[in-house]
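Examination of the molecular architecture
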Amino acid sequence: MKKIAFICSLVLLSFSGFSQYKTWAVGAKLGDPSGLTIRHYLNNDKNALELNVGVYGALWGLRSPYRDGNFDGAGISFSGIYLWHQQLGNSPLRCYYGFGGQITSRSYILDSKQTPNTGIGGIGQAGLEYGVPDSPLSVFGELGLYIELVPAFFYTHPQGGLGVRYNF
């Protein structure tokens, strides 16, 4: 019985070593949107808040149809996401998923006239993050979907990218 308790204790300690994320992470993502990401890990070791700012529409949909016109180049986006994250087994790999809101600013062409546009909508994203052993760095890949609510109800735009974070 003592051997079983000892083995269970070792297993629990090995899981807790990987699951202790730092309080903050700052990084960069290349994709759509490309830009800066700031993440705050909550004290429950299961959730995080993430803020992103970056270039929107440069990778997918640079000249895609929008409303009664077409987008004309890239714009800027701001997003805030509430995340759930979980350790995958006894490894430095974590999966995460979450939902939040996004504000975009981008011009589109309507009747040969450039029209500025600000969109507001929801975002869902999921990803994998690998914590580099004995380093504050982590690398990640994620995919998501933006669904605009105003002004173009249910306009959808795929999102995703690869990036690196510094955890402190």
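Residues numbered from 1 in each chain as written. Predicted model: local features only at pLDDT ≥ 70, side-chain atom pairs only at ≥ 80, totals over all residues. Heavy atoms only, no water.

**Considerations on a nonpolar patch on the surface**
- A cluster of nonpolar residues, Trp-24, Val-26, Ile-38, Leu-51, Tyr-130, Leu-137, Val-139, Val-164, Tyr-166 and Phe-168, forms a patch on the protein surface that exposes about 880 Å² of accessible area.
- Contributing elements (two or more residues each) for the nonpolar patch: β1 (24-32), β9 (137-150) and β10 (155-167). (Patch = residues over 30% accessible without salt bridge, like charges linked within 9 Å, V, L, I, M, F, W, Y side chains within 5 Å. Areas by Shrake-Rupley, 256 points an atom, 1.4 Å probe, with all protein chains shown as cover. Salt bridge = Lys/Arg side-chain N within 4 Å of Asp/Glu carboxyl O. Helix = DSSP H or I, 4+ residues; strand = E, 2+ residues; numbered from the N terminus.)

**Let's talk about the packing of aromatic side chains**
- Summed over the entire model, instances satisfying the criterion amount to 10 aromatic pairs.
- Aromatic pair Tyr-82 and Trp-84: ring centres 5.0 Å apart, planes at 80 degrees, arrangement edge-to-face.
- Measuring from ring centre to ring centre gives 4.8 Å for Phe-153 and Phe-154, while their planes differ by 45 degrees; the resulting arrangement is tilted.
- Residue class for Phe-153 comes out exposed when judged on its relative accessible area of 61%.
- Given a relative accessible area of 53%, Phe-154 falls into the exposed group.
- Each member of the aromatic cluster is reached from another via a ring pair, and the members are Tyr-66, Phe-71, Tyr-108 and Tyr-155.
- Sitting over the ring of Tyr-96, Arg-39 keeps its end group 4.5 Å from the ring centre.
- For the cation-ring pair, Arg-106 lies above Phe-71, with the distance from its terminal atom to the ring centre recorded as 3.7 Å. (Phe/Tyr/Trp six-rings, centres within 6.5 Å; stacked < 30°, edge-to-face > 60°. Buried < 20%, exposed > 50% of the residue type's maximum accessible area, 1.4 Å probe, protein only. Lys NZ or Arg CZ within 6 Å of the ring centre and 35° of its normal.)

**What about unusual backbone geometry?**
- Residues Asp-32 and Pro-33 are joined by a peptide bond in cis, for which omega reads 0 degrees.
- Assignment of secondary structure puts Pro-33 in the loop between β1 and β2 (34-41).
- In this structure, the amide linkage connecting Val-150 to the following residue, Pro-151, adopts the cis form with an omega of 0 degrees.
- Within the element layout of this structure, Pro-151 appears in the loop between β9 and β10.
- With a phi close to 60 degrees, Asp-45 is a non-glycine residue in the positive phi region.
- Position of Asp-45 relative to the elements: it lies in the loop between β2 and β3 (47-56).
- For Arg-67, which is not glycine, the phi torsion reads 50 degrees and is therefore positive.

Such coordinate-based values are descriptive only and should not be taken to indicate function.
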